[in-house]
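Next come the chains, spelled out residue by residue.
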Amino acid sequence: MTTTRTMPRILVVDDDLATRHVARSALANAGFDVRVARDGAEALTRLRGGRFDLMLLDVWMPRMDGLGVLDHLRRRNAGPKVVVMTSDDAPETLLRAIRQHAQQYVHKPVEPLALVSLVRGALKDAIGPPIEVVSALPNWVELSVPCTRGVADRVRGVMAHLEADLPEEVRDSIGYVFRELLLDAVEWTGSLDPNRKVRLSYLRAKRMLLYRMADPGRGFRTEGPDHGAISHLDDPIEHVQVREQKGLRAAGFGLVMVRAKIDELIYNEKQNEVVFVKYLD
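Calculation rules
Residues numbered from 1 in each chain as written. Predicted model: local features only at pLDDT ≥ 70, side-chain atom pairs only at ≥ 80, totals over all residues. Heavy atoms only, no water. Core = buried A, V, L, I, M, F, W, Y, C linked by side-chain atoms within 4.5 Å. Buried < 20%, exposed > 50% of the residue type's maximum accessible area, 1.4 Å probe, protein only. Contact = heavy atoms within 4.5 Å. Salt bridge = Lys/Arg side-chain N within 4 Å of Asp/Glu carboxyl O. Helix = DSSP H or I, 4+ residues; strand = E, 2+ residues; numbered from the N terminus. Expected span 1.5 Å × (residues − 1). Phe/Tyr/Trp six-rings, centres within 6.5 Å; stacked < 30°, edge-to-face > 60°. Lys NZ or Arg CZ within 6 Å of the ring centre and 35° of its normal. 1 Å grid on protein atoms, 1.4 Å probe; cavity = no way out; pocket = protein on both sides within 12 Å on 5 of 7 lines; lining within 4 Å. Points joined across faces, edges and corners; volume = space filled by probe spheres on them. Nonpolar A, V, L, I, M, F, W, Y, C, P; charged D, E, K, R; others polar. Polar contact = N/O pair within 3.5 Å; in protein donor to acceptor, adjacent residues only side chain to side chain.

A. Region of the structure containing the nonpolar core. Counting residues in each nonpolar core, the largest one holds 58 residues, and the members touching the most others are Val 155 and Met 213. For Val 155, the contacting residues outside a window of four places in its chain are Ile 131, Leu 143, Val 145, Phe 178, Leu 182 and Leu 200. Ile 10, Val 12, Val 36 and Leu 118 belong to the second-largest nonpolar core, a separate cluster that totals 18 residues.

B. Structural view of the pattern of salt bridges. Taken as a whole and assessed by the stated rule, the structure comprises 15 salt bridges. Note that Arg 9 and Asp 33 form a salt bridge whose closest N and O atoms lie 3.3 Å from each other. Remark: Asp 33 occurs in strand β2 (residues 33-37) and Arg 9 occurs in strand β1 (residues 9-13); sequence separation between them is 24 residues. Taken together, the shared-partner salt bridges connect Arg 9, Asp 33 and Arg 35 into one network.

C. Region of the structure containing helix α6 (residues 149-162). The terminal C-alpha atoms of α6, which comprises 14 residues, lie 20 Å apart, in line with the 20 Å expected from a rise of 1.5 Å per residue. Considered for burial, the residues of α6 that qualify are Val 151, Ala 152, Val 155, Arg 156, Val 158, Met 159, His 161 and Leu 162. Residues of α6 that are buried sit in contact with α4 (91-99), β5 (104-107), β7 (140-146), α7 (168-189), β8 (197-204) and β9 (208-214).

D. The arrangement of the packing of aromatic side chains in detail. Enumeration over the complete set of coordinates arrives at three aromatic pairs. Summarising the aromatic geometry, the rings of Tyr 202 and Tyr 211 are spaced 5.4 Å apart at their centres and angled 65° between planes, so their arrangement reads as edge-to-face. Assigned by exposure class, Tyr 202 and Tyr 211 land together as buried. Ring geometry for Tyr 211 against Phe 276: centres 5.0 Å apart, planes inclined by 20°, an arrangement best described as stacked. With Tyr 211 in strand β9 and Phe 276 in strand β11 (residues 273-279), this pair connects stretches of sequence that are 65 residues apart. Here Tyr 211 and Phe 276 have matching classes, each one buried. Over the face of the ring belonging to Phe 52 we find Arg 9, whose NZ or CZ atom lies 4.3 Å from the ring centre. Directly above the ring of Tyr 176 sits Lys 261, whose terminal nitrogen or CZ lies 5.3 Å from the centroid.

E. Looking closely at the layout of surface pockets. Estimated volume of the largest pocket: approximately 640 Å³. Residue lining of the largest pocket: 30 residues in total, with Val 82, His 101, Ala 102, Gln 103 and Pro 130 positioned closest to the centre. Those elements giving two or more residues to the lining of the largest pocket turn out to be α3 (66-76), β4 (81-86), α4, β5 and α6. Per element, the largest residue contribution to the lining of the largest pocket is five residues, and it comes from α6. Looking at the lining of the largest pocket residue by residue, the class counts come to 17 nonpolar, nine polar and four charged. Each pocket or cavity is described by its volume, and for the second largest pocket that value is around 180 Å³. Lining the second largest pocket, in full, are Asp 16, Ala 18, Thr 19, Val 22, Ala 23, Met 85, Lys 108, Pro 109, Val 110, Glu 111, Pro 112 and Leu 115. Of all the secondary structure elements, the ones that give two or more residues to the lining of the second largest pocket are α1 (17-29) and α5 (112-124). The dominant element in the lining of the second largest pocket, judged by the number of residues it contributes, is α1, at four residues. For the lining of the second largest pocket, the per-class residue count stands at eight nonpolar, one polar and three charged.

F. Main features of the environment of Thr 86. Looking at where Thr 86 falls in the secondary structure, it is placed in strand β4. We classify Thr 86 as buried; its relative accessible area is 2%. In sequence terms Thr 86 and Pro 109 are 23 residues apart; their C-alpha atoms lie 7.9 Å from each other. Setting aside residues no more than four positions away along its own chain, Thr 86 makes contact with Asp 58, Val 59, Tyr 105, Val 106, His 107 and Lys 108. Of note is the side chain of Thr 86, whose polar atom sits 3.1 Å from the backbone nitrogen of Asp 88.

G. Looking closely at the side chain of Ser 201. Within the secondary structure, Ser 201 sits in strand β8. The residues contacting Ser 201, other than those within four sequence positions of it, are Trp 140, Val 141, Glu 142, Leu 210, Tyr 211 and Arg 212.

Rendered as structure tokens:
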């Protein structure tokens, strides 16, 4: 007896004909069952007519936009995974999509091969607790982040989008430090438990960028775990090997490099909250 394997069903929602055609062709050639919709209203009709595994969703469309579709799905607490694809660079749009429980957010246009890779990765990612947007002001973003590797990767993408107007060197430095500290919080004190949360704040002033991170456990202690970046100041690559032995993702070259890439690194008394500062002039 042979078992027929069901192809993942993808719904592409975009008011641009060329985008729909390119996405449909690329995904169909990769073996997906693809349907399209021209706007949010047609997307909801498609969703009522059958099950989809993933929806690629544009934001700004006639009749009903993508944010309206996300709101509808969130209130129903049902529907496919959603990847928002848009040419809108506004941080407010990104944060609204995350608040409505979009799984990922990518900037258009997306090359066909990259689109296929994106869809395959999104289908593999488990849907866990959503990122909670506590504050979405342009100069004060605050998130509550479940302790999973996948969510940590998505949050770094969010923060990179907020820093898009900064020089590349500054973005790289901030990104490195953010990733190191977030991985320690998620993998060590958060124990990769999606029910535990890391609290993140991003404050943007004219001459300063400040991140504040509160971990959900024992704190960012210098006597921390053998896989933590802060535990290997004498050998900045040793914790990478320890992480690999424990099945944890490598997280760079330790606190020595962290301190070198930013201007200030400050811990509270319990060392369960850390602030890092980058001056912009």
